[in-house]
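# Residue-level structure breakdown
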Amino acid sequence: MFKNKFMRVLLVASFANIGSMTGTVVAAYVMLHVTGIDPRDVLLSGFNALGL
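Just so it is clear, the model here is predicted, and its values are computed rather than measured. (Residues numbered from 1 in each chain as written. Predicted model: local features only at pLDDT ≥ 70, side-chain atom pairs only at ≥ 80, totals over all residues. Heavy atoms only, no water.)

Once that is clear, we can look at the pattern of salt bridges. Tallying each qualifying case throughout the model produces one salt bridge. One salt bridge in this structure joins Arg 40 and Asp 38, with 3.5 Å as the shortest N-O distance. (Salt bridge = Lys/Arg side-chain N within 4 Å of Asp/Glu carboxyl O.)

Together, Val 26, Tyr 29, Val 30 and Val 34 make up an exposed nonpolar region whose accessible area comes to about 420 Å². With respect to the secondary-structure elements, Val 30 resides in helix H1 (residues 5–35). (Patch = residues over 30% accessible without salt bridge, like charges linked within 9 Å, V, L, I, M, F, W, Y side chains within 5 Å. Areas by Shrake-Rupley, 256 points an atom, 1.4 Å probe, with all protein chains shown as cover. Helix = DSSP H or I, 4+ residues; strand = E, 2+ residues; numbered from the N terminus.)

Once that is clear, we can look at the environment of Phe 47. Within the secondary structure, Phe 47 is located in helix H2 (residues 39–50). Spatially, the C-alpha atom of Phe 47 lies 22 Å from that of His 33, the residues being 14 residues apart in sequence.

Along its twelve residues, H2 runs 17 Å from first to last C-alpha, staying within 8% of the 16 Å computed at 1.5 Å per residue. Taken across its twelve residues, H2 has zero buried, putting it largely on the surface. The first or second residue beyond H2 is Gly 51, which carries a positive phi of 85 degrees. (Expected span 1.5 Å × (residues − 1). Buried < 20%, exposed > 50% of the residue type's maximum accessible area, 1.4 Å probe, protein only.)

This is the structure:
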């Protein structure tokens, strides 16, 4: 499997995507924690603005 060049490209792309998703989730958590924003309040105010 590792000798096939196409499979190596797929593995590199897959691990890059997994790393990007992990970084996004961690960064969002850190930013929300540092700023003190409660995501529930943001979602509830958005739903109330839409009338839901």
